[in-house]
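# Structural overview
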Amino acid sequence: MYMNWRDKIIELLSTRSESRASRVYDWVMLMAIVIGIFPLMFRSHNKLFWYFDIFSGLCFIVDYLMRWAVADRRSSHGRLIAFLTYPFTPMAIVDLLSILPTLNLIAPTFKVMRVSRLLRLLRIIKFIRYYEPLEIILAVIRRQGRILWTVFSLAIFYIFITALIMFNAEEEINPETGKFLFKNFFDAFYWAACTLTTVGYGDLYPISNIGRVISIMSSIVGIAIIALPSGIVTAGYMSELESRRSKKKQKEEEGDEDI
């Protein structure tokens, strides 16, 4: 009976489970996260926000205790070690910090929790656990990590080189300010990053012809570099979806054979 109960908890907590109870649980937790961060959109305090925080906090507490109760079943370590180390795992720490603001509401004597408004922001991270598309994206990033890191390194190197070239090429005085366009190298680096990502805030722009030529070339190459991770993540996302569909179909076929 005890093992049965633990199996049901694991099924409930599984984001890949197709059971109705698991899907309902995920939606309840997503709703708890949303109403838990909703008060952060306002400067003023409302009594309704207090109830929102109590509801979301209670959901987080129940979720935390259930995950701790089955920590040994979801870990490769021994049972005792799994129970002892679970509170120190990254997501468990996020869960605990997300609960602290609610404890502050229930017992205001917890002076250490006066940073509750900032701690509530950590609840956004909990979306990863209950929103499957985000989970898939993270799985893709982990799988394609080496390639994405290479692209990221290439982008940083290109920004640095472009900033260095522009910093030394754009030496004319801006007639509007009477000063150099780039006061320091960080300004040039900031401009290069904005140009690479095609953001173009317009607060810094070249005034010399050579600077404009460099800007054109940087923008063209930047489009190609920025497009690389998008293609990698998209391809990985489709591959991950196909892999999950195949596993789901295989599991269904095995279930039919058992019947």
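Residues numbered from 1 in each chain as written. Predicted model: local features only at pLDDT ≥ 70, side-chain atom pairs only at ≥ 80, totals over all residues. Heavy atoms only, no water.

Moving on: the overall build of the protein. The helix and strand inventory of the protein stands at eleven helices and two strands. Put simply, the protein runs from its N terminus to its C terminus through helices and strands in the order α-α-α-α-α-α-α-α-α-β-β-α-α. Counting every position in the protein, which comprises 259 residues, the buried fraction comes to 35%. Across the protein, contacts joining residues at least 24 apart in sequence account for 65% of those joining residues at least 6 apart. Total accessible area on the protein stands at roughly 16600 Å², and carbon and sulfur atoms take up 68% of it. (Helix = DSSP H or I, 4+ residues; strand = E, 2+ residues; numbered from the N terminus. Buried < 20%, exposed > 50% of the residue type's maximum accessible area, 1.4 Å probe, protein only. Contact = heavy atoms within 4.5 Å. Areas by Shrake-Rupley, 256 points an atom, 1.4 Å probe, with all protein chains shown as cover.)

Helix length check: helix H10 (residues 185-196), at twelve residues, gives a terminal C-alpha distance of 16 Å against a target of 16 Å (1.5 Å per residue), a fit within 8%. With a side-chain oxygen positioned 3.2 Å from the backbone nitrogen of Phe 186, the residue opening H10 is Asn 184. Residue Thr 198 follows H10 closely and has a positive phi angle near 55°. (Expected span 1.5 Å × (residues − 1). Polar contact = N/O pair within 3.5 Å; in protein donor to acceptor, adjacent residues only side chain to side chain.)

As enumerated under the stated definition, the model contains 13 aromatic pairs in all. Measuring from centroid to centroid gives 5.3 Å for Phe 42 and Phe 49, while their planes differ by 35°, and the two rings are tilted. Looking at Phe 42, the relative accessible area reads 33%, which means it is partly exposed. Residue classification places Phe 49 among the buried residues on the basis of a relative accessible area of 13%. Note on Phe 160 and Phe 185: the rings are 5.6 Å apart at their centroids and 65° apart in plane angle, and the pair reads as edge-to-face. Within this pair, whereas Phe 160 is found in helix H9 (residues 145-169), its partner Phe 185 is found in helix H10, the two being separated by 25 residues in sequence. Just above the ring of Trp 50 sits the side chain of Lys 47; from NZ or CZ to the centre is 4.7 Å. (Phe/Tyr/Trp six-rings, centres within 6.5 Å; stacked < 30°, edge-to-face > 60°. Lys NZ or Arg CZ within 6 Å of the ring centre and 35° of its normal.)

At a closest axis distance of 8 Å, the pairing of helix H2 (residues 20-37) and helix H3 (residues 47-69) adopts a crossing angle of 135°. Between H2 and H3, the angle is such that the two are oblique. Along this stretch, H2 crosses H3, giving a crossing that reads as left-handed. Together, Tyr 25, Val 28, Met 29, Met 31, Ala 32, Ile 33, Ile 35 and Gly 36 of H2 and Phe 52, Phe 55, Ser 56, Cys 59, Phe 60, Asp 63 and Met 66 of H3 make up the contact between the two elements. Partitioned by chemical class, the residues of the contact of H2 with H3 number twelve nonpolar, two polar and one charged. (Axes fitted to C-alpha atoms, helices over the stretch in contact; angles between N-to-C directions. Parallel < 35°, antiparallel > 145°, perpendicular 65-115°, else oblique. Left-handed = near helix turned anticlockwise from the far one by under 90°. Nonpolar A, V, L, I, M, F, W, Y, C, P; charged D, E, K, R; others polar.)

For Asp 187, the position within the fold is in helix H10. Among buried Asp, Glu, Lys and Arg side chains, Asp 187 stands out as unpaired, with Lys 183 the closest opposite charge at 4.8 Å. Sequence-distant contacts of Asp 187, that is, excluding residues within four places in its chain, are made with Phe 182 and Leu 204. (Lys, Arg positive; Asp, Glu negative; His and termini not counted. Salt bridge = Lys/Arg side-chain N within 4 Å of Asp/Glu carboxyl O.)

This brings us to the pattern of salt bridges. Scanning the entire structure with this criterion turns up one salt bridge. With a shortest N-O distance of 3.0 Å, Asp 63 and Arg 67 are connected by a salt bridge. Taken together, the residues span about one helical turn, with Asp 63 and Arg 67 both in helix H3 at a distance of four residues. Side by side, Asp 63 and Arg 67 carry an identical accessibility label, which is buried.

This part covers H3. For H3, which comprises 23 residues, the first-to-last C-alpha distance of 34 Å matches the rise-based estimate of 33 Å (1.5 Å per residue) to within 8%. When H3 is considered as a whole, its buried residues turn out to be Phe 49, Asp 53, Ile 54, Ser 56, Gly 57, Cys 59, Phe 60, Asp 63, Tyr 64, Met 66 and Arg 67.

Once that is clear, we can look at the nonpolar core. Counting residues in hydrophobic clusters, the biggest one holds 20 residues, and the most contacted among them are Leu 13, Tyr 25, Met 29, Phe 60, Met 66 and Tyr 130. For this core, the secondary-structure elements that each account for two or more residues are helix H1 (2-13), H2, H3, helix H5 (90-106) and helix H7 (127-130). At six residues, H2 tops the list of elements feeding residues into this core. Excluding anything up to four places from it in sequence, Met 29 contacts Cys 59, Phe 60, Asp 63 and Tyr 130. Counting 14 residues, the second-largest nonpolar core is a separate cluster that includes Ile 159, Ala 163, Met 166 and Ala 188. (Core = buried A, V, L, I, M, F, W, Y, C linked by side-chain atoms within 4.5 Å.)

These results come straight from atomic positions and should not be treated as a statement about function.
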